[in-house]
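This is what each chain is made of:
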Amino acid sequence: MTQSAKHRPLDRIDMTILDTLQKDGRISNVELAKKVNLSPSPCIDRVRRLELDGYIEGFGARLSASKLGYGTAAFIQVTLDRTTAAIFDQFRDAVVNIPQVAECHMVAGGFDYLLKLRLSSMEAYRAVLGRIVDLPGVQQTHTYVVIEQVKQDAGLPLKAVNPELKAD
């Protein structure tokens, strides 16, 4: 984290920039500047600073999993046979090499990791499960196949913590 991120709190304009960009990463700088009541040059300077300070991690497109052949989603709880730093590292280093694992979270509670998989079919799930159970330290897994996605990640709820942000 840079010095400016440590000492300079985000103001209303910064928060509005972040909120706008997470909803529409393709907005032009001119349109963004209008929305936050700045001229384009200081607006792009703020966006660059927010990137440099790590508030903006990147830009991308949200793709249709079903149209691209990855319409099956599943969550797998993974319990390791022991909880040591070495086995955590071995598991992490191995799981990141499985492309169907969209997310992997170490969690506190009754198991050690929660994996989110994106798959083309149940046959693909079976093949990936075979790889997962062979990862270092895996003792047990429990799978939950998604029937219906009720809510998708829409970004951080910045308006909930900063009511000054204008409603769209």
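As the structure is a prediction and not an experimental result, all values here were calculated from the model.

**Student:** Explain the overall build of the chain here, please?
**Tutor:** Of the regular secondary structure elements, the chain holds 7 helices and 4 strands. Listed N to C, the secondary structure of the chain is α-α-α-α-β-α-β-β-α-β-α in terms of helices and strands. Taken against the 2.2 N^0.38 rule, which gives 15 Å for 168 residues, the C-alpha radius of gyration of the chain at 21 Å runs more than 25% over that of a compact globule. Along the longest, intermediate and shortest principal axes, the C-alpha atoms of the chain span 55 × 40 × 25 Å. Per-residue burial for the chain yields a buried fraction of 32% across its 168 residues. Long-range pairs, those at least 24 residues apart, make up 65% of the contacts in the chain between residues at least 6 apart in sequence. For the chain, the exposed area adds up to about 11100 Å²; of that, 54% sits on carbon and sulfur atoms. Looking at charge distribution, the chain has the averaged site of its 21 positive side-chain charges lying 5 Å from that of its 20 negative ones.

**Student:** Mind showing me how you'd approach the sheet that holds strand β4 (residues 138-145) here?
**Tutor:** Backbone hydrogen bonds are what pair the strands of a sheet, in a parallel or an antiparallel way. Strand order in this open sheet of 4 strands is β2-β3-β1-β4, and the pairing throughout is antiparallel. Of all strands in the sheet, those bounded by a partner on one side alone are β2 (101-106) and β4. Ignoring strand direction, the axes of neighbouring strands in this sheet form an average angle of 20°. Where strand β1 (residues 72-80) and strand β3 (residues 113-119) come together, 7 bridges link them in antiparallel fashion.

**Student:** Explain the pattern of salt bridges here, please?
**Tutor:** Summed over all chains, the structure comprises 10 salt bridges. We note a salt bridge from R49 to D53, for which the minimum N-O separation is 3.9 Å. The same class applies to R49 as to D53, namely buried. Where salt bridges share partners, they join D11, D14, R46, R49 and D53 into one cluster.

**Student:** Looking at this model, I keep getting lost on unusual backbone geometry. Mind explaining?
**Tutor:** Trans peptide bonds make up most of the peptide bonds, and negative phi angles are found at most residues other than glycine. A positive phi is found at N37, a non-glycine position, where the angle reads about 60°. In this fold, N37 is placed in the loop between α3 (29-35) and α4 (40-52).

**Student:** I tried to follow helix α5 (residues 85-95) on my own but got confused; where do I start?
**Tutor:** An α-helical turn contains 3.6 residues, so any two residues separated by three or four positions project in the same direction. Along α5, the positions that sit buried rather than exposed are I87, F91 and V95. The arc enclosing the buried residues of α5, seen along the axis, measures out at 60°, which places them on a common side. For α5, the secondary structure elements touched by its buried residues are β1, β2, β3 and β4.

**Student:** In this structure, what is going on with the packing of aromatic side chains? I would like to understand it.
**Tutor:** For any pair of aromatic rings, the description rests on two quantities: the centre-to-centre distance and the angle between the ring planes. One pass over the full model with this rule turns up 2 aromatic pairs. Summarising the aromatic geometry, the rings of F88 and Y113 are spaced 6.2 Å apart at their centres and angled 70° between planes, so their arrangement reads as edge-to-face. In this pair, F88 sits in helix α5 while Y113 sits in strand β3, placing the two residues 25 residues apart along the sequence. Feature note: the residues F88, F91 and Y113 constitute an aromatic cluster, connected by ring pairs.

**Student:** Teacher, can you tell me more about the packing of helix α2 (residues 12-23) against α4 here?
**Tutor:** The geometry of a pair of packed helices is captured by two quantities: the angle between their axes and the separation between those axes. Between α2 and α4, the shortest axis-to-axis distance is 11 Å and the interhelical angle comes to 80°. With respect to each other, α2 and α4 are oriented roughly perpendicular. For the pair α2 and α4, the contacting residues are I13, D14, I17, L18 and L21 in the first and C43, R46, V47, R49 and L50 in the second. Class assignment for the residues of the contact of α2 with α4 results in 7 nonpolar, no polar and 3 charged.

**Student:** Looking at this structure, I do not really get the environment of V30. What am I missing?
**Tutor:** Along the chain, V30 falls in helix α3. When its relative accessible area of 44% is taken as the criterion, V30 is described as partly exposed. Sequence spacing of V30 and I44 is 14 residues, and the spatial spacing of their C-alpha atoms is 9.0 Å.

**Student:** Please explain the environment of L117 as it appears in this structure.
**Tutor:** Summarising the element assignment, L117 is placed in strand β3. On the basis of relative accessibility, which here comes to 0%, the residue L117 falls in the buried class. Expressed as a C-alpha distance, the spacing of L117 and R131, which sit 14 residues apart in the sequence, is 12 Å.

What counts as what
Residues numbered from 1 in each chain as written. Predicted model: local features only at pLDDT ≥ 70, side-chain atom pairs only at ≥ 80, totals over all residues. Heavy atoms only, no water. Helix = DSSP H or I, 4+ residues; strand = E, 2+ residues; numbered from the N terminus. Rg over C-alpha atoms; globule rule 2.2 N^0.38 Å. Buried < 20%, exposed > 50% of the residue type's maximum accessible area, 1.4 Å probe, protein only. Contact = heavy atoms within 4.5 Å. Areas by Shrake-Rupley, 256 points an atom, 1.4 Å probe, with all protein chains shown as cover. Lys, Arg positive; Asp, Glu negative; His and termini not counted. Charge placed at Lys NZ, Arg CZ, Asp CG, Glu CD. Pairing = 2+ DSSP bridges. Axes fitted to C-alpha atoms, helices over the stretch in contact; angles between N-to-C directions. Salt bridge = Lys/Arg side-chain N within 4 Å of Asp/Glu carboxyl O. Arc of directions from axis to C-beta. Phe/Tyr/Trp six-rings, centres within 6.5 Å; stacked < 30°, edge-to-face > 60°. Parallel < 35°, antiparallel > 145°, perpendicular 65-115°, else oblique. Nonpolar A, V, L, I, M, F, W, Y, C, P; charged D, E, K, R; others polar.

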